[in-house]
Amino acid sequence: TEEIAEPESYRIADGHLSVYPNPNRGMLNIKYTPVNEEPVLIRIIDNRGRTVAEETLNASGLLTRTYDLQSSSKGTYLIQIRQGKHWRHEKVVLK
């Protein structure tokens, strides 16, 4: 059986992403190793589709960020990482 590769525009090849703890109580940690030198967009979206945090960082080695979501509503949040045309998504639950 021949495998069909996922289009490069829908994934981040070899980019390592850690989102923890999951579930968490408001302090969210994100670690990401960029795949190239393009800027990295980190966006956190709540279960209503609202952006609760967003920042663009220079790609220089391991990126480590902590976001304070303690005043945010409980529920499932989507973490989006974008680097150029590459995207990565993770879900996290806020208790």
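Presented here is a report on the structure given in the accompanying data block.

Turning our eyes to something else, we now look at the sheet that holds strand E7 (residues 86-94). The strand order E4-E3-E6-E7 describes an open sheet built from 4 strands, whose pairing is antiparallel. In this open sheet, the two edge strands, each paired with only one partner strand, are strand E4 (51-57) and E7. Taking each pair of neighbouring strands and ignoring which way they run, the sheet shows an average axis angle of 15°. The pairing of strand E3 (residues 40-45) with strand E6 (residues 75-83) spans 6 bridges and is antiparallel. Across the sheet, residue Ile-44 finds its bridge partner in E6, namely Ile-79.

Relative to the assigned elements, Asn-24 resides in the loop between strand E1 (16-20) and strand E2 (27-33). A residue is classified by how much of its surface remains accessible, and Asn-24, at 3% relative accessible area, is buried. Polar side-chain contacts of Asn-24 include one of 3.3 Å to the backbone oxygen of Pro-21. When residues no more than four places from it in sequence are discounted, the contact partners of Asn-24 are Val-92, Val-93, Leu-94 and Lys-95.

Moving on to the environment of Pro-39. Of note, Pro-39 is situated in the loop between E2 and E3. Here the alpha-carbon distance between Pro-39 and Gly-84, two residues 45 residues apart in the chain, equals 7.2 Å. What Pro-39 contacts, discounting residues up to four positions off in sequence, is Thr-56, Leu-57, Arg-82, Gln-83 and Gly-84.

As a further point, take the nonpolar core. Judged by nonpolar contacts, the single largest core of 19 residues is most densely connected at Leu-28, Ile-30, Ile-44, Ile-79 and Ile-81. At the level of elements, E1, E2, E3, E4, strand E5 (63-68), E6 and E7 are the ones that each hand at least two residues to this core.

Moving on: the sheet that holds E5. Within a sheet, neighbouring strands are paired by backbone hydrogen bonds and run either parallel or antiparallel to one another. In spatial order, the strands read E1-E2-E5; together these 3 strands make up an open sheet with antiparallel pairing. Strands with a single pairing partner mark the edges of an open sheet, and in this sheet they are E1 and E5. Taken over all neighbouring pairs, the strand axes of this sheet differ in orientation by 10° on average, direction set aside.

Bringing the pattern of salt bridges into the picture now. For the coordinates displayed, the defined rule picks out 4 salt bridges. Between Glu-54 and Arg-43 there is a salt bridge; the shortest N-O distance is 2.7 Å. Highlighted residues: Glu-54 in strand E4 and Arg-43 in strand E3, separated in sequence by 11 residues. Judged by its relative accessible area of 47%, Glu-54 is partly exposed. The closest approach of N and O atoms between Glu-90 and Arg-88, which form a salt bridge, is 3.3 Å.

What follows deals with the pairing of E7. For a regular strand, the rule is simple: side chains alternate between the two faces of the sheet. As judged from the 9 bridges shared by E6 and E7, these two strands associate in the antiparallel manner. The residue bridging Thr-76 from the neighbouring strand is Val-93, located in E7. Linking two consecutive strands that pair antiparallel, namely E6 and E7, is a turn of 2 residues; a positive phi of about 65° is found at Gly-84 within it.

Quick notes on the rules
- Residues numbered from 1 in each chain as written.
- Predicted model: local features only at pLDDT ≥ 70, side-chain atom pairs only at ≥ 80, totals over all residues.
- Heavy atoms only, no water.
- Pairing = 2+ DSSP bridges.
- Helix = DSSP H or I, 4+ residues; strand = E, 2+ residues; numbered from the N terminus.
- Axes fitted to C-alpha atoms, helices over the stretch in contact; angles between N-to-C directions.
- Buried < 20%, exposed > 50% of the residue type's maximum accessible area, 1.4 Å probe, protein only.
- Polar contact = N/O pair within 3.5 Å; in protein donor to acceptor, adjacent residues only side chain to side chain.
- Contact = heavy atoms within 4.5 Å.
- Core = buried A, V, L, I, M, F, W, Y, C linked by side-chain atoms within 4.5 Å.
- Salt bridge = Lys/Arg side-chain N within 4 Å of Asp/Glu carboxyl O.

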